[in-house]
Amino acid sequence: MYPIIHILNYTIPTFGILFLIGTGAGFLVAILTAKKYDLPTMDAMFFGLFAIIGGILGAKILYLLVELPSFITNPETALIKLTTGGAVFYGGLIGGILGGFLYTHIYHLHAIKYFDIAVPCLALAQAFGRIGCFFNGCCYGIPYEGFGAVYYPVGSYPPSGIGLFPSQLTESFFLFILTPVLIFILSKSKTPGFTTGFYLVSYGIFRFINEFFRSDPRGSILFLSTSQVLSLFVITLGLLFIFKIPQRLYGYHLKS
Amino acid sequence: MEQYSNKATASLVLGIISLVCIWFGYSALVGVVCAIIGLVFGIQIRKASQEEGFTPSGMATAGLVLNIIGLSLCAVAFIACVACVGCISTAAYL
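Looking at an unreviewed UniProt entry, one finds chain B named DUF4190 domain-containing protein and attributed to Acetobacterium tundrae.

Going by what an unreviewed UniProt entry lists, chain A is known as Phosphatidylglycerol--prolipoprotein diacylglyceryl transferase and is assigned to Acetobacterium tundrae. What UniProt states about chain A under its Subcellular location (unreviewed entry) heading is, verbatim, "Cell membrane". Here is the UniProt Function (unreviewed entry) comment for chain A, exactly as written: "Catalyzes the transfer of the diacylglyceryl group from phosphatidylglycerol to the sulfhydryl group of the N-terminal cysteine of a prolipoprotein, the first step in the formation of mature lipoproteins."

Next comes the structure, spelled out in structure tokens:
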């Protein structure tokens, strides 16, 4: 477990480094994917930047909502948690979508084409981010003693001394596989929005299943975790994209 | 054009502030906010130059670049984990 690395006299969170590498790799993929719809590279970059801004705000806002009870009971640690603590992926995803949509809305661009070129980049960035989770020790799995079990050292954030399921690495592996699949689908697909729908459905299903193999403390709604409930919404949204319903609504919006 | 000149100056200043904030622990949060605002100004100028057909000033370009660098580097310290809830494992080290 390496939650931080030392460069000269500075301590830098490993997750942050991998997040930065993932984002950079995502932007490089965007240069390739933007060619699909002949979109200007600059617009693709700015769309990405707006999505990142929205993503950062969304991730922190959802984190704030989920952790609000603990912030109220322990206000002295609230600021530390808010600045250095977690964020919620789905909050980031929703914020990112809204941020990207805002950019296309302001500059009258075709939002769904931009979402299509963005999803392979997002999957790649997520894949790197999950490796960051692994080094950080967060998002750890259930106790498990089979192939690939992870043993964290004493004093680390996850339970030490017992084998844990490598839930971060399984998700990272899935996303590394999903990225070229999405690029292939994007290159072959003739329907704007299909790639976005495929990403939402495939990631939603995987995340829903993977949540059963995670045991880190996180919010729950009834018998499902918060992320599982949100996964169901994401899968539904993805199916709507595959059946072209948002595309039709967006077409009416563009005409009006 | 003057509004773009003012925005370019604001973008550059915010970019410099965000870069300075990297070195002071929790002020990275301020750096992220500054970089986001500066970046929005920078993008507005770039898009306006494309639509209205003028060349963006060097100050606007410098502001955009500094804000991108500022946001990236501040985010390294600011974002602990976008993938889970309640990750505070790095907090003890910062």
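(A) Geometry of the overall build of chain B. Looking only at helices and strands, chain B has three helices and zero strands in total. From first element to last, N terminus to C terminus, chain B shows the α and β order α-α-α. Within chain B, buried positions represent 48% of all 94 residues. Counting contacts in chain B only where the partners sit at least 6 residues apart, residues at least 24 apart contribute 71% of the total. Approximately 4,100 Å² of chain B is accessible, and the part contributed by carbon and sulfur atoms is 71%.

(B) Region of interest: the overall build of chain A. When you go through chain A residue by residue, the secondary structure sums to 10 helices and six strands. Within chain A, the proportion of its 256 residues that are buried is 54%. Counting only contacts in chain A whose residues sit at least 6 apart along the sequence, the fraction spanning at least 24 positions is 67%. Within the structure as shown, chain A displays about 12,000 Å² of accessible surface, and the carbon and sulfur contribution to it stands at 76%.

(C) Fine view of the pairing of strand S2 (residues 10–13) of chain A. Residues and elements named next belong to chain A. Here strand S1 (residues 4–7) pairs with S2 via four bridges, running antiparallel. Paired with Ile 4 across the bridge in S2 is Pro 13. In sequence, S1 turns back onto S2 through a hairpin of two residues, with Leu 8 there showing a positive phi of about 55°.

(D) Structural detail: the nonpolar core. Membership of the largest hydrophobic core comes to 52 residues, with the highest contact counts inside it found for Tyr 103, Ile 117, Leu 175 and Tyr 199 of chain A together with Leu 39, Ile 43 and Leu 71 of chain B. Among the elements that take part in this core, helix H6 (residues 111–136) of chain A stands out by supplying 11 residues, more than any other.

(E) Broad picture of a nonpolar patch on the surface. Residue and element names in this part refer to chain A. A cluster of nonpolar residues, Ile 97, Leu 237, Leu 239, Leu 240, Phe 243, Ile 245, Leu 249 and Tyr 252, forms a patch on the protein surface that exposes about 720 Å² of accessible area. Tracing the backbone through its elements, the reader meets Tyr 252 in helix H10 (residues 245–255). With relative accessibility at 54%, the residue Tyr 252 sits in the exposed group.

(F) Local environment of H6 of chain A. All names here are of chain A. Spanning 26 residues, H6 covers 35 Å between terminal C-alpha atoms, matching the ideal 38 Å at 1.5 Å per step. Maximal helix bending in H6 amounts to about 35°, located at Ala 118; proline Pro 120 follows within four positions. Taken across its 26 residues, H6 has 19 buried, putting it largely inside the fold. Residue Gly 137 follows H6 closely and has a positive phi angle near 95°.

(G) Focus on the environment of Gly 204 of chain A. Residue and element names in this part refer to chain A. If you trace the backbone, Gly 204 turns up in helix H8 (residues 194–210). What makes Gly 204 buried here is its relative accessible area of 0%. Each C-alpha atom of the pair Gly 204 and Ser 227 lies 9.3 Å from the other, and the pair is 23 residues apart in sequence.

(H) Just the UniProt feature "transmembrane region" (unreviewed entry) in chain A, in detail. Per the UniProt entry, the sites bearing "transmembrane region" (unreviewed entry) are residues 12–32, 44–66, 78–103, 115–143, 163–186, 193–209 and 221–243 of chain A in this numbering. Here residues 221–243 of chain A runs as 74% helix and 13% strand, with 29 Å between its end C-alpha atoms.

(I) Broad picture of the UniProt feature "binding site: a 1,2-diacyl-sn-glycero-3-phospho-(1'-sn-glycerol)" (unreviewed entry) in chain A. The sites that carry the UniProt feature "binding site: a 1,2-diacyl-sn-glycero-3-phospho-(1'-sn-glycerol)" (unreviewed entry) are, in the present numbering, Arg 130 of chain A. Relative to the helices and strands, Arg 130 of chain A resides in helix H6.

(J) Looking closely at the side chain of Asp 116 of chain A. Residues and elements named next belong to chain A. As for its position among the elements, Asp 116 is in helix H6. Residue classification places Asp 116 among the buried residues on the basis of a relative accessible area of 0%. Polar side-chain contacts of Asp 116 include one of 2.7 Å to the backbone nitrogen of Gly 193. With residues near it in sequence (within four places) discarded, Asp 116 still touches Tyr 37, Leu 186, Thr 191, Pro 192, Gly 193, Phe 194, Thr 195 and Thr 196.

(K) Representation of helix H2 (residues 28–52) of chain B. For H2 of chain B, spanning 25 residues, the distance from its first C-alpha to its last is 35 Å, which sits close to the expected 36 Å at 1.5 Å a residue. Immediately beyond the C-terminal end of H2 of chain B, within one or two residues, lies Gly 53 of chain B, with a positive phi of roughly 75°.

(L) Spotlight on the pattern of salt bridges. This structure, assessed with the given rule, holds four salt bridges over all chains. With a shortest N-O distance of 2.6 Å, Lys 47 of chain B and Asp 43 of chain A are connected by a salt bridge. With Lys 47 of chain B in helix H2 and Asp 43 of chain A in helix H2 (residues 41–66), this pair bridges two chains. Asp 43 of chain A sits in the buried class, given a relative accessible area of 4%. Between Glu 211 of chain A and Arg 207 of chain A there is a salt bridge, with the nearest N and O atoms lying 2.9 Å from each other. Among the residues examined, Glu 211 of chain A registers a relative accessible area of 4% and is labelled buried. Of the residues examined, Arg 207 of chain A reaches a relative accessible area of 2% and is grouped as buried. Because the salt bridges share partners, they merge into one network encompassing Arg 207, Glu 211 and Arg 214 of chain A.

Rules used throughout
- Along every chain, residues carry numbers that run from 1 in the direction the sequence is written.
- Numbering of ligands from 1 and lettering of chains from A proceed in the order in which they are written.
- Since the coordinates come from a predicted model, pLDDT governs what is reported: local features require at least 70, and pairs of side-chain atoms require 80 or more to be given and counted, while whole-chain, interface and lining totals use all residues.
- Working from all heavy atoms in the structure, the side-chain values ignore hydrogens and water.
- UniProt positions are given in the numbering used here, feature names are shortened, and annotations may be inferred rather than shown by experiment.
- In this text, helices come from DSSP runs of H or I with a minimum length of four residues, and strands from runs of E with a minimum of two, each type numbered from the N-terminal end.
- The buried label applies to any residue whose accessible area, calculated with a 1.4 Å probe on protein chains only, is under 20% of its type's maximum; exposed applies above 50%, and partly exposed to all values in between.
- Whether two residues are in contact is decided by their heavy atoms: any pair within 4.5 Å suffices.
- Calculation of accessible area relied on Shrake-Rupley with a 1.4 Å probe; when residues are assessed, cover is drawn exclusively from the protein chains displayed.
- For two strands to pair, DSSP has to find at least two bridges joining them.
- The definition of a nonpolar core used throughout is a set of buried Ala, Val, Leu, Ile, Met, Phe, Trp, Tyr and Cys residues joined through side-chain atoms within 4.5 Å.
- Nonpolar side chains (Val, Leu, Ile, Met, Phe, Trp, Tyr) are joined into patches within 5 Å and like charges within 9 Å, using only residues with over 30% relative accessible area and no salt bridge.
- What makes a salt bridge here is a side-chain nitrogen of Lys or Arg within 4 Å of a carboxyl oxygen of Asp or Glu, nothing more.
- Expected span of a helix: the number of residues minus one, times 1.5 Å.
- Note that the bend at a residue is defined as the angle between axes fitted to the seven residues ending at it and the seven residues starting at it.
- In the analysis that follows, any N or O atom pair within 3.5 Å is treated as a polar contact, provided that within protein one partner can donate a hydrogen and the other can accept it, and provided that, for residues neighboring in sequence, both atoms belong to side chains.

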